[in-house]
Amino acid sequence: MTSYASIPPVGQIDGMSCWAACLAWWLKAVGDGRPNWNQLKIISEYDKYTDADGGFPPTKILEVWPADSRLRISGGVFKSQHYWGRGLPIGDKPVMIAFRHPQAGTHMNVVFGQRGRIVKAMEPYHPFPGQDGKRTGQILDRSVDFYVKDNYDKSREIILFWPTVAM
């Protein structure tokens, strides 16, 4: 079994690039012939889809990433309340999760290593608030509630992205 927690985290280079940092880490973790892109390469690949501030709206990511055959990635929208009191619908491989951060709005992490209702998370926005270009990211343990319940009043859905399984 791969020790994903030993893969160095990727810190997002600015306040809106969590999506690029997460994809860079996920590509390295999942591998299997996928591109080995760093965060700047990812931003250059998908910049045309971002909004004026560099954010990549999760619903747009849901259209763009699965359509890019190089990534071999699938995604879907899940109702948050279905996971209250139980784990996320993830397997053994890392999964990117777009969610409403309780303090910071729309955000993305990579989750893996689920044990009960605790997941390992690659959090790209560390240190917080930190300085652009100097964040390191962090691997930490988080409760599933952080993603599905703690901000339920503002967001009732999460979006997950997982490696496409070859048939």
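One structure accompanies this document, and this report is about it. (Residues numbered from 1 in each chain as written. Predicted model: local features only at pLDDT ≥ 70, side-chain atom pairs only at ≥ 80, totals over all residues. Heavy atoms only, no water.)

Notes on the sheet that holds strand β2 (residues 95–101)
Here is step 1 of the chain: With antiparallel pairing, six strands are arranged side by side in an open sheet as β1-β6-β2-β3-β4-β5. Across the chains shown, the open sheet's two edge strands, defined by having one partner strand only, are β1 (73–79) and β5 (138–143). Across the sheet, the mean angle separating the axes of adjacent strands is 35° when strand polarity is ignored.
Here is step 2 of the chain: Taken together, the six bridges between strand β4 (residues 118–123) and β5 define a ladder with antiparallel strand orientation. From the neighbouring strand, M122 faces β5, where its bridge partner is I139.
Here is step 3 of the chain: Helix α1 (residues 18–30) rests against β1, β2, β3 (105–115), β4, β5 and β6 (157–163) of the sheet, and its axis sits at about 25° to β3.
Here is step 4 of the chain: In this fold helix α3 (residues 58–67) packs onto β1, β2, β3 and β6, with an angle of close to 20° to the strand it touches most, β6. (Pairing = 2+ DSSP bridges. Helix = DSSP H or I, 4+ residues; strand = E, 2+ residues; numbered from the N terminus. Axes fitted to C-alpha atoms, helices over the stretch in contact; angles between N-to-C directions. Contact = heavy atoms within 4.5 Å.)

Regarding the side chain of N151
Here is step 1 of the chain: Along the chain, N151 falls in the loop between α4 (144–148) and β6.
Here is step 2 of the chain: Here H101 takes part through its backbone oxygen, which lies 3.4 Å from a polar atom of the side chain of N151.
Here is step 3 of the chain: Each residue touching N151, except ones within four places of it in the same chain, is listed here: R100, H101 and P102. (Polar contact = N/O pair within 3.5 Å; in protein donor to acceptor, adjacent residues only side chain to side chain.)

Take it as geometry only, folks, not as evidence of what the structure does.
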